[in-house]
Amino acid sequence: MVRLPKIQMVGGKAMTTSDVLSIGTPVSLIGIRNGEPRTAIGTVCAEVPLIVEISVSDTDWATKGESLKVLFQNSGNFETVDSNILSVTKFSGKVRIELEHVSWEKSNRRSYERKIAKVLTKCRFVSEDSDGICIREFTVTTNDISLGGAWVQADAEICKGTIFNCELSVGPDSIVKVLGVVAWVDPNGKGFGVEFLNFLGDSYSILQSFISKLAA
C-alpha cells in the first residue's frame, strides 16, 4: 500500500506534510496513556513515510497502532499532524517511530470565538535544569477562553513551545483536562497564549457547554 502525504492548499499552492516536515525538523510527539497525555521531543529522519527519531527514555508509552499528534512550527505558527504508529524500532539508544495515515491540520485558535472568562487553571510541565529533570506546577487565571485555546494572565517564566497539562475549573464539579502548548508569550511578561491540543475524556464537551453558557 502506498501512503500519500496529506495535501493542503496554501495561498493557491498545493502543499504536503513533506514540504514543512523535512529531514531534521524538530517535532513533539503527543499521545495519551492511562488517561494522561505523554510527550516526547524528536527529529524527522524520513519524510515519506514520516519517521521520527527520539531517545529511548521518552518512548515507554509509544506502541504500534496507537494514535499520535505530531506538533511542529511552520513560519512561526504551531501546526499538528494526526497519525498512527506503524512501527517502533530501537537501536543505539534511539527509537525510530514510523507513522501512517498522516493527516495535516493547520492549527489556529483564533478561528474560534473567544469569550471573556476568569477560569482558575492548574498547569504542570516537565522542566530540565542543573538539578536534572523535574515537574513544575503553577496556577494561573485565564482572561479569555475558546475551544481552541486561552489567554492566560500570569508572570510565570515559561517559553514559547512549552507543552503542559492544564486543568481548568469551569464549575464547582467541572474540570476540563487538556494538553496545551504555549503559542505566544507577551514580551512584557504579562501572560501567554495557550493553544489546546488534546482533550482528555469528555473535557471537550464540558468546555463547549461552559462556553455556550457564557454566550447565552
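Engineer: Which parts of the structure should I look at to understand the overall build of the protein chain?
Structural biologist: Looking only at helices and strands, the protein chain has two helices and 15 strands in total. Burial statistics for the protein chain: of 216 residues in total, 44% are counted as buried. Long-range contacts, defined as pairs at least 24 residues apart, comprise 53% of the intrachain contacts of the protein chain with a sequence gap of at least 6. About 11,500 Å² of surface is accessible on the protein chain, with carbon and sulfur atoms providing 49% of the total.

Engineer: Explain unusual backbone geometry here, please?
Structural biologist: Excluding glycine, most residues fall at negative phi; most peptide bonds, likewise, are trans. For the bond from V48 to P49, the omega torsion is 0 degrees, close enough to zero to count as cis. Tracing the sequence through the fold places P49 in the loop between strand 4 (36–46) and strand 5 (50–55).

Engineer: Mind showing me how you'd approach the nonpolar core here?
Structural biologist: Side chains that are nonpolar tend, in soluble globular proteins, to be buried together. Within the largest apolar cluster, 25 residues are counted, with the highest numbers of intra-cluster contacts made by I145, F164, L168, F192, L207 and F210. Elements with a minimum of two residues in this core: strand 10 (120–129), strand 11 (132–145), strand 12 (149–153), strand 13 (163–171), strand 14 (174–185), strand 15 (191–199) and helix 2 (203–215). Broken down by element, this core gets its largest block of residues, four residues, from strand 13. Residues V44, L68, V70 and L99 belong to the second largest nonpolar core, which totals 19 residues.

Engineer: Explanation requested: empty space enclosed by the protein in the structure shown.
Structural biologist: With a probe scaled to a water molecule rolled over the atoms, the places where space remains empty come into view. Evaluation of the coordinates by the stated rule reveals one cavity of 30 Å³ or more. Approximately 40 Å³ is the volume found for the largest cavity. Lining the largest cavity, in full, are T121, T142, A150, V152, C166, L168, V194 and F196. Among the elements of the structure, strand 12, strand 13 and strand 15 are those that each provide at least two residues to the lining of the largest cavity.

Engineer: For this particular structure, what's the right way to read the environment of K69?
Structural biologist: Here K69 lies in strand 6 (residues 67–74). A relative accessible area of 12% places K69 in the buried class. For K69, the side chain forms a polar contact with the side chain of D82, separated by 2.8 Å.

Engineer: Would you take a moment to explain the pairing of strand 7 (residues 77–91) for this structure?
Structural biologist: Along any regular strand, the residues point their side chains to alternate faces of the sheet. By the bridge criterion, eight bridges tie strand 6 to strand 7 in an arrangement that is antiparallel. Pairing of K69 across the sheet is with D82, part of strand 7. The turn joining strand 6 and strand 7, which pair antiparallel and follow one another in sequence, is formed by two residues; a positive phi near 55 degrees is taken by S75.

Engineer: How should the environment of V44 be read in this particular structure?
Structural biologist: Here V44 shows up in strand 4. Take V44: its relative accessible area is 2%, and that puts it in the buried class.

What counts, and where the lines are drawn
- Residues numbered from 1 in each chain as written.
- Predicted model: local features only at pLDDT ≥ 70, side-chain atom pairs only at ≥ 80, totals over all residues.
- Heavy atoms only, no water.
- Helix = DSSP H or I, 4+ residues; strand = E, 2+ residues; numbered from the N terminus.
- Buried < 20%, exposed > 50% of the residue type's maximum accessible area, 1.4 Å probe, protein only.
- Contact = heavy atoms within 4.5 Å.
- Areas by Shrake-Rupley, 256 points an atom, 1.4 Å probe, with all protein chains shown as cover.
- Core = buried A, V, L, I, M, F, W, Y, C linked by side-chain atoms within 4.5 Å.
- 1 Å grid on protein atoms, 1.4 Å probe; cavity = no way out; pocket = protein on both sides within 12 Å on 5 of 7 lines; lining within 4 Å.
- Points joined across faces, edges and corners; volume = space filled by probe spheres on them.
- Polar contact = N/O pair within 3.5 Å; in protein donor to acceptor, adjacent residues only side chain to side chain.
- Pairing = 2+ DSSP bridges.

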